[in-house]
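# Coordinates in review
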Amino acid sequence: MANFDDRYPLDKWRDADHSVMQEFSLAGKKGFVTGAAGGIGRSAAAAWAEAGADVALVDLPAKLDQLESLAAEMSDKYGVTVVAIGCDVSDPDSVAALKTTLVDRLGTVDIAFLNAGVCLTDDSIDIPFDKWQKTLDINLSGAFMTGQIAHQIMREHGHGGSLIFTSSTAGHTVLNMGGFPAPNMSYGVTKAGVTRYTQYLAAALAPYGIRSNAITPGYIWSGIFGDSVSEEGHDAMLQMVPERRFARNDELQGLLVFLASDASAYVTGTDTPIDGGLLVY
Ligand code: NAD
């Protein structure tokens, strides 16, 4: 019989230098967040900065001024390097340029939150093809391309890392709004694809020490809803949410630090709902 105790110490907590809280630290790590001008993205970037990482905020070039000011605010508050980079995640040339800029400005990438996404209006069975295509280009091809440059940098630099993708409850089920399907058909299709892409990467990248996980937000009050939600619409959405409220963006921060950090070293290929219980139905 082999003795596995050296390989798998049973009581690592007894070691003088072991600290589970220390495993949540991101000190010394470098990362980027796409969709970083948006609600979930900027809150995630702030969480990573607070946990000690240097972070690149990535969003559409038209939002560069907003990103610069967020970067200044975060580096002042947390004392780490935070930089702003404009990139359209649906444009292959723009993503190729992002890869070069990330290495120039941060040195490498250890953690990446591939989170940029849109949910367009009139997204139901008669959606025009151009809207369908735009949703696929940003949500699915954007996740594919930004995830790809992230793991390529990790492999080229010979170290592991953590990729986190943003899926959605709409990628797991057809959301019911007052007895009708919520108008997010192509959106849900892209998010189902994001979840499967996440799992494929987990299997393919494990030999490189790279983990790949997704989060599945339910209803999070962020820029994605804009001014489009009436009081009635708000209540209709929450009928399927046991918690009966939207989440705040900061309520995702803990999960995003966990998945980026060594505290989740054995977690890969997962997709964690953070949805107030929505997916129980
Ligand atoms: P948000 O609108 O506040 O942020 C989305 C960000 O993505 C914006 O800053 C936008 O400029 C950026 N973006 C859009 N197209 C882009 C492109 N082509 N290139 C680069 N950046 C682009 O909304 P959010 O809620 O913070 O969304 C973040 C992610 O969370 C999205 O993928 C969204 O689908 C997902 N999500 C949100 C909810 C929710 O309830 N808010 C629920 C499930 C999933």
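Summarised in this report is the structure supplied together with it. (Residues numbered from 1 in each chain as written. Predicted model: local features only at pLDDT ≥ 70, side-chain atom pairs only at ≥ 80, totals over all residues. Heavy atoms only, no water.)

### Let's talk about the overall build of the protein
Along the protein, the regular secondary structure elements total eight helices and nine strands. Computed over the C-alpha atoms, the radius of gyration of the protein is 19 Å, within 12% of the 19 Å expected from 2.2 N^0.38 for a compact globule of 281 residues. Overall, the C-alpha framework of the protein stretches about 60 × 45 × 35 Å when taken along its three principal axes. Evaluated residue by residue, the protein yields a buried proportion of 45% over its 281 residues. A separation of at least 24 residues holds for 76% of the contacts in the protein among residues at least 6 apart in sequence. Between the mean site of the 19 positive side-chain charges and the mean site of the 34 negative ones, the protein shows a separation of 4 Å. (Helix = DSSP H or I, 4+ residues; strand = E, 2+ residues; numbered from the N terminus. Rg over C-alpha atoms; globule rule 2.2 N^0.38 Å. Buried < 20%, exposed > 50% of the residue type's maximum accessible area, 1.4 Å probe, protein only. Contact = heavy atoms within 4.5 Å. Lys, Arg positive; Asp, Glu negative; His and termini not counted. Charge placed at Lys NZ, Arg CZ, Asp CG, Glu CD.)

### Description of the site of the ligand
Within the structure, the ligand sits among 29 residues, and Asp-59, Asn-115, Tyr-187, Ile-220 and Ser-222 are positioned closest to it. The side chain of Asp-88 places a nitrogen or oxygen atom 2.8 Å from a nitrogen atom of the ligand. Here Ser-222 contributes a side-chain N or O atom positioned 2.5 Å from an oxygen atom of the ligand. When isolated, the ligand has an accessible area of 810 Å², and the protein chains bury 94% of it. Going through the elements one at a time, helix H2 (39-50) and helix H6 (185-205) are the ones with two or more residues in the shell around the ligand. Taken together, the residues of the shell around the ligand sort by class into 14 nonpolar, 11 polar and four charged. (Near = heavy atom within 4 Å. Polar contact = N/O pair within 3.5 Å; in protein donor to acceptor, adjacent residues only side chain to side chain. Areas by Shrake-Rupley, 256 points an atom, 1.4 Å probe, with all protein chains shown as cover. Nonpolar A, V, L, I, M, F, W, Y, C, P; charged D, E, K, R; others polar.)

### Description of the packing of aromatic side chains
The tally for this structure, following the rule as stated, stands at seven aromatic pairs. Taken together, a centroid distance of 5.7 Å and an interplanar angle of 50° make the contact between Tyr-219 and Phe-246 tilted. Here the residue Tyr-219 occupies a position in the loop between strand E8 (210-217) and helix H7 (231-238), and Phe-246 occupies one in the loop between H7 and helix H8 (253-260), the gap between them amounting to 27 residues. Each member of the pair, Tyr-219 as well as Phe-246, is classed as buried. (Phe/Tyr/Trp six-rings, centres within 6.5 Å; stacked < 30°, edge-to-face > 60°.)

### Some details on the side chain of Asn-249
Tracing the backbone shows Asn-249 in the loop between H7 and H8. Classification of Asn-249 as buried rests on a relative accessible area of 16%. Within the local environment of Asn-249, its side chain forms a polar contact with the backbone nitrogen of Ile-40, the two atoms lying 3.4 Å apart.

### Focus on the packing of H2 against H8
Remark: H2 packs on H8, axes separated minimally by 9 Å, with the N-to-C direction vectors making an angle of 55°. Classified by the angle their axes make, H2 and H8 are oblique. With respect to the hand of their crossing, H2 and H8 are arranged in right-handed fashion. Residue-level inspection shows Ser-43, Ala-44, Ala-46, Ala-47 and Trp-48 of H2 in contact with H8, the latter providing Gln-253, Leu-256, Val-257 and Ala-260. Looking at the contact of H2 with H8 residue by residue, the classes come out as seven nonpolar, two polar and no charged. (Axes fitted to C-alpha atoms, helices over the stretch in contact; angles between N-to-C directions. Parallel < 35°, antiparallel > 145°, perpendicular 65-115°, else oblique. Left-handed = near helix turned anticlockwise from the far one by under 90°.)

### Thoughts on the nonpolar core
Counting 34 residues, the largest nonpolar core has Trp-48, Val-55, Leu-57, Phe-113, Ile-164, Ile-215 and Leu-256 as its most contacted members. Residue assignment for this core shows that the elements contributing at least two residues are H2, strand E2 (54-59), helix H3 (64-78), strand E3 (82-86), strand E4 (111-114) and H8. It is H2 that contributes the most residues to this core, seven residues altogether. Once residues within four sequence positions are removed from consideration, Ile-164 is found in contact with Trp-48, Ala-112, Phe-113, Leu-114, Asn-213, Ile-215, Leu-256, Leu-259 and Ala-260. Among the nonpolar cores identified, the runner-up in size contains 27 residues, and Phe-32, Met-154, Phe-165 and Tyr-197 belong to it. (Core = buried A, V, L, I, M, F, W, Y, C linked by side-chain atoms within 4.5 Å.)

### Looking at the pattern of salt bridges
A full pass over the atoms with the stated rule returns eight salt bridges. For the salt bridge of Glu-156 with Lys-99, the shortest nitrogen-to-oxygen distance reads 3.0 Å. One end of the pair, Glu-156, is in helix H5 (residues 129-156); the other, Lys-99, is in helix H4 (residues 92-106), with 57 residues separating them in the sequence. (Salt bridge = Lys/Arg side-chain N within 4 Å of Asp/Glu carboxyl O.)

### Some words on the pairing of strand E5 (residues 161-166)
Counting buried positions along E5 gives six out of six residues, so the element sits mostly inside the fold. Residues Gly-161, Leu-163 and Phe-165 line one face of E5 and the alternating positions Ser-162, Ile-164 and Thr-166 line the opposite face, and both faces are buried. Direction of pairing for E4 relative to E5: parallel, over a ladder of four bridges. Directly across from Leu-114, in E5, lies its bridge partner Phe-165. Alignment of E5 against E8, held across six bridges, turns out to be parallel. Bridge pairing links Ser-162 to Arg-211 in E8. (Pairing = 2+ DSSP bridges.)

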